[in-house]
Amino acid sequence: MNQKQRDLTSPPDLTFDRSVGPVRMRRPVYRDLLPPCNNACPAGENIQAWLAKVVEGDARGAWEILVQDNPLPAVHGRVCYHPCESSCNRGQLESPVSIHAVERYLGDLALAESWPLPRPAPPSGKRALVVGAGPAGLSCAYHLARMGHAVVVLEAGPVAGGMMHFGIPAYRLPRNILDAEVARIAAMGVTFVFNHKVGDLTGEMLDGNFDAAFLAIGAGVGKKTEIPAREAGKILDAVGFLRDVELGSAPKLGRRVAIYGGGNTAMDAARVAKRLGAEPLIIYRRDREHMPAHSFEADEALEEGVQIHWLRTIKSIEETRIEVEVMTLDENGRPVPTGETEVLDADDLILALGQDTDTSFLRNVEGLEFGSDGVIQVNSEMMTGRPGIFAGGDMAPSERTVTIAVGHGKRAARSIDRYLRTQDRPEPKPKDIAHLDRLRLWFFADAAARIQHQIPLNERTQGFGEVVQGLTEADAEFEAKRCFSCGNCFECDGCYGACPEDAIVKLGPGLRYAVNFDLCTGCGACFDQCPVHAIALVPEPQEALAR
């Protein structure tokens, strides 16, 4: 007999006192758990809460909850790799809720309706410097401005966005969407200074009278590798190639272009080369199962005609001939050379081997520590070894995604706020996670996820128009209704109908329920039927038993 069966068949937990009758030994308590989607979101979004608002038909209310944590929902709905969906309980039964698609719907609707971001708190009198206008810097600036601090963002490039602007192709992230969400942050009073590369951080802080700084310069330097080459064609790095294309100065490519690497940047570089008229081929030393790129990225590249040569590593280059060695994988998934070689033809080579961060300008700042890979070391508060200087995003130790960077910016802003106000705010006690085995899903019917359509394949490679399309209002609401509301009461009235003693009291729409303990016997009927495990049975307080 499993735990769920024991819960459903166990008798009421009662003892009998002849003077007063049955004595309740346990009582039901409404207790919210942490949904697995919320727990998995690097930006810390309250996903379940804003999905519930969509179900109610309150799109603006949903968006207002969403932007409490993330000021770029239209961007994230397009570029986030949605780990929330990988953790969605519904995904273990059929398919996860398409959270990113609903987020995009809300973000696009907010832009179309010109909804403003929340009004900042009254001025604090404190000034904060943000170095870098990528996702981490934008997030930190936004949250600091909401808290009432004056924020100046110094950006080395000509526009805000960082690698979102210069590294993510426009067919995935249209620039008007990114620019519009950045403009809302500026409208809050955040000052942006472009084409301003910081070379002396201490001097910038003194000259600007800043009380704290957040460093978010990203990782925009392409990694190199030594490849024996004689009279080779152009050898480019993927980061520089994507940046040049965005700036309108795309290099002239030959007919066949090889891309060396297996990450998302390699897929993007290949798809961009295809749109520039080349025939791209990717060379990667592991197999598809072990590639760092997300599987759907490879799927879309292959659909567009990109060739991928798995288990190959470049040995040498001579003119337009690239000699590659065939690899095999050992028991740990590491590539091992076989000695067998092949020759591939390519006019140009683009290196997509990862990115480094350039922290050389910080080496003379006292107290800062750096890892062997050049990233800056921070504590749990995102503060460096120098008090008042914080860092996050790609230049801090972490995975490198837009959503993780946005989460870093929010966490750093909260830490900077505590630092500036010299206040301690205790972290909330973590909640238990509502995993699937805690749910009783009698309430829900099977419903497949709504599909985001794509433009026809023959149109995709003809330009940089957005490939993936958004959801309609009806589809967004349908998708939100697929949410199980794991661990949180959604007022299904199951407990109200199941109680044999009429001890459950309805408090009104949005207010949930209460228990009349004068009537409750502790039988557990409410607990047994709750589909989302929003009710716990706890021991009766000792003082109650004493009575």
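Scroll up a little and you will see the structure.
Description of the structure in this document. Nothing here was measured: the structure is a model prediction, and the numbers come from that model.

## Topic: the overall build of the chain
Next up, step 1: A count of helices and strands for the chain gives 20 helices and 22 strands.
Next up, step 2: Summarising its shape, the C-alpha atoms of the chain cover approximately 100 × 55 × 45 Å along the three principal directions.
Next up, step 3: Burial status across the chain gives 50% buried among its 547 residues.
Next up, step 4: Relative to all contacts within the chain whose residues are 6 or more apart in sequence, the contacts with residues 24 or more apart total 69%.

## A word on helix H12 (residues 238-246)
Next up, step 1: When we look at burial in H12, the residues that qualify are Ala-238, Val-239, Gly-240, Phe-241, Leu-242 and Val-245.
Next up, step 2: Summarising the contacts, the buried residues of H12 are in contact with helix H9 (163-166), strand E8 (221-222), strand E10 (235-237), helix H13 (264-275), strand E17 (348-351) and strand E18 (355-356).
Next up, step 3: One or two steps after H12, the chain reaches Gly-248, where phi turns positive at roughly 85°.

## Things to note about the packing of aromatic side chains
Next up, step 1: Within this structure, the stated rule accounts for five aromatic pairs.
Next up, step 2: Between the aromatic rings of Trp-63 and Trp-115, the centroid separation amounts to 5.7 Å while the plane-to-plane angle is 55°, which identifies the pairing as tilted. In this pair, Trp-63 sits in helix H4 (residues 59-66) while Trp-115 sits in the loop between helix H7 (99-113) and strand E4 (127-131), placing the two residues 52 residues apart along the sequence. No difference in accessibility class separates Trp-63 from Trp-115, as the two residues are buried.
Next up, step 3: Its guanidinium or amino end placed over the ring of Phe-478, Arg-450 lies 3.6 Å from that ring's centre, counting from NZ or CZ.

## Observations regarding the sheet that holds strand E13 (residues 307-309)
Two modes of strand pairing occur in sheets, parallel and antiparallel, and in both the strands are linked by backbone hydrogen bonds.
Next up, step 1: In spatial order, the strands read E10-E17-E11-E12-E13; together these five strands make up an open sheet with parallel pairing. The open sheet has two edge strands with one neighbour each: E10 and E13. Neighbouring strand axes in the sheet, compared pairwise and without regard to direction, differ in orientation by 25° on average.
Next up, step 2: Its contacts with the sheet put H13 on strand E11 (256-260), strand E12 (279-283), E13 and E17, and the angle it makes with E12 is roughly 165°.

## Remarks on the nonpolar core
Next up, step 1: By size, the foremost hydrophobic cluster in this structure holds 67 residues, and its most contacted members are Trp-50, Leu-51, Met-164, Phe-192 and Phe-214.
Next up, step 2: Excluding residues that lie within four positions of it along the chain, Phe-192 makes contacts with Ala-133, Leu-138, Val-153, Ala-160, Val-182, Ile-185 and Ala-186.
Next up, step 3: In terms of nonpolar packing, the next biggest core, distinct from the first, is built from 27 residues, Met-267, Ala-270, Val-272 and Ile-308 among them.

Conventions used here
- Residues numbered from 1 in each chain as written.
- Predicted model: local features only at pLDDT ≥ 70, side-chain atom pairs only at ≥ 80, totals over all residues.
- Heavy atoms only, no water.
- Helix = DSSP H or I, 4+ residues; strand = E, 2+ residues; numbered from the N terminus.
- Buried < 20%, exposed > 50% of the residue type's maximum accessible area, 1.4 Å probe, protein only.
- Contact = heavy atoms within 4.5 Å.
- Phe/Tyr/Trp six-rings, centres within 6.5 Å; stacked < 30°, edge-to-face > 60°.
- Lys NZ or Arg CZ within 6 Å of the ring centre and 35° of its normal.
- Pairing = 2+ DSSP bridges.
- Axes fitted to C-alpha atoms, helices over the stretch in contact; angles between N-to-C directions.
- Core = buried A, V, L, I, M, F, W, Y, C linked by side-chain atoms within 4.5 Å.

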